[in-house]
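Chains, contacts and geometry: an overview
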Amino acid sequence: MAKASPIRKCHISAGEERSEVRRDVAFVSSDVPSWLETRGVRRPHGAWDALGHRSQAIGSVSSAGSRNKLRAVILDVDGTLYHQRPVRLRMMAALVRHLTADPRGGGRVLRVLRAYRLAQERLRLCGETGLASRQVELAAELTGYEVAWVRSTVKSWMEERPLEYVRRARRPGVVEFCDWAAQRGIVLAALSDYDPRAKLAVLSLDRRVLVAACAQDPDINVLKPHPAGMFKLLERIGVDRQNAIYVGDRPEVDGALAVAAGVQGYILGTSKHVPAGVTAVRDWPTLQAELTSQVNWDCHV
């Protein structure tokens, strides 16, 4: 009997509702608190067993009671370095204009973008390595369009066109935070599901965030909240996880990643629903003030 391909195991029917995908927004292992399951997050059986990883208690105080030196800040990109809502609204307006001018072509673009996002969330659920780079293939399978055309559409509408709007939506205080960290010798690195370099450039952060990794990298190739990307990035910059923090904006993805990797996590925004061991902070200036005053972290030069 032929073995089903991994991408088939993550198959989504074309009529699957977006709300259902969002309820299943992440996969988790037994290492992640029951908070995740109470938020409606499913975990496939044994999704992370192959990693042999057991998350340690998150905290910034060593077993000897001394303060840990903060050596690295790992940054999520989308929604963390810039506000996503205004970008999405402007892209929606652009898509409406395209639909008005070319209903058939615009409809094809719309179907591809929706399928691509659905594919992302379903691949996130699978929890298997080797699937992140197949998102375009799954979107093509859902729509019935050629893979090459789907790839070029995604590149245009999800990578290139939004850059102008991303630049305008930069979060207040993020540049100042990066400069504050650099003055203290703290390494800044970005971890994203997609290559973040173009966005870092338009946000004027490319000379501040010097190391970047994404799920599409051949040595990672798995979406968040799987901790493989965090482990690989920490390895690249030569920093232990107890000397790093991770900053994101989605509790169910970024918070879950921080817990799974055993890294102190911070979630930007006012969400009250964050995992135990993860801290919600209003904005970048608040995070900077908290790290400066927090007795558990040594942030001095």
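All of the points below concern the structure found in this document. (Residues numbered from 1 in each chain as written. Predicted model: local features only at pLDDT ≥ 70, side-chain atom pairs only at ≥ 80, totals over all residues. Heavy atoms only, no water.)

Okay, the overall build of the protein chain next. A count of helices and strands for the protein chain gives 13 helices and eight strands. Scored against the burial criterion, the 301 residues of the protein chain give a buried share of 49%. Taking the intrachain contacts of the protein chain between residues at least 6 apart in sequence as the baseline, contacts between residues at least 24 apart amount to 65%. In the form shown here, the protein chain has an accessible surface area of approximately 14600 Å², with 49% of it arising from carbon and sulfur atoms. (Helix = DSSP H or I, 4+ residues; strand = E, 2+ residues; numbered from the N terminus. Buried < 20%, exposed > 50% of the residue type's maximum accessible area, 1.4 Å probe, protein only. Contact = heavy atoms within 4.5 Å. Areas by Shrake-Rupley, 256 points an atom, 1.4 Å probe, with all protein chains shown as cover.)

All right, on to the pairing of strand E4 (residues 211–214) then. Judged from the four bridges that link them, strand E3 (residues 187–192) and E4 form a sheet pairing that is parallel. Its bridge partner being in E4, alanine 189 is matched across the sheet by valine 211. Once you follow E3 into helix H10 (residues 197–202) and on to E4, the crossover reads as right-handed. (Pairing = 2+ DSSP bridges. Right-handed = clockwise from strand over helix to strand, strands pointing away.)

A word on the packing of aromatic side chains. All told, the structure shown has four aromatic pairs when counted by the stated rule. With 5.5 Å between their ring centres and 40° between their planes, phenylalanine 177 and tryptophan 180 make a pair best called tilted. Of this pair, phenylalanine 177 and tryptophan 180 both sit in helix H9 (residues 174–183), three residues apart, which is roughly one turn of that helix. Each member of the pair phenylalanine 177 and tryptophan 180 is classed as buried. Every member of this aromatic cluster is reached through a ring pair, and the members are Phe177, Trp180 and Trp284. Above the ring of tryptophan 149, the side-chain terminus of arginine 108 is found at 4.2 Å from the ring centroid. Over the face of the ring belonging to tryptophan 157 we find arginine 161, whose NZ or CZ atom lies 4.0 Å from the ring centre. (Phe/Tyr/Trp six-rings, centres within 6.5 Å; stacked < 30°, edge-to-face > 60°. Lys NZ or Arg CZ within 6 Å of the ring centre and 35° of its normal.)

Once that is clear, we can look at the pattern of salt bridges. Evaluated as defined, the whole model comprises 14 salt bridges. For glutamate 121, the salt bridge is made with arginine 124, and the minimal N-O distance between the two is 3.0 Å. With glutamate 121 and arginine 124 both in helix H5 (residues 103–126), this residue pair falls three residues apart, about one helical turn. The residues glutamate 121 and arginine 124 share a single accessibility class, namely buried. Residue arginine 197 pairs with aspartate 195 through a salt bridge whose shortest N-O separation is 2.6 Å. What makes arginine 197 exposed here is its relative accessible area of 56%. Among the residues examined, aspartate 195 registers a relative accessible area of 41% and is labelled partly exposed. It is possible to trace a salt-bridge network through shared partners that takes in Glu121, Arg124, Asp193, Arg250 and Glu252. (Salt bridge = Lys/Arg side-chain N within 4 Å of Asp/Glu carboxyl O.)

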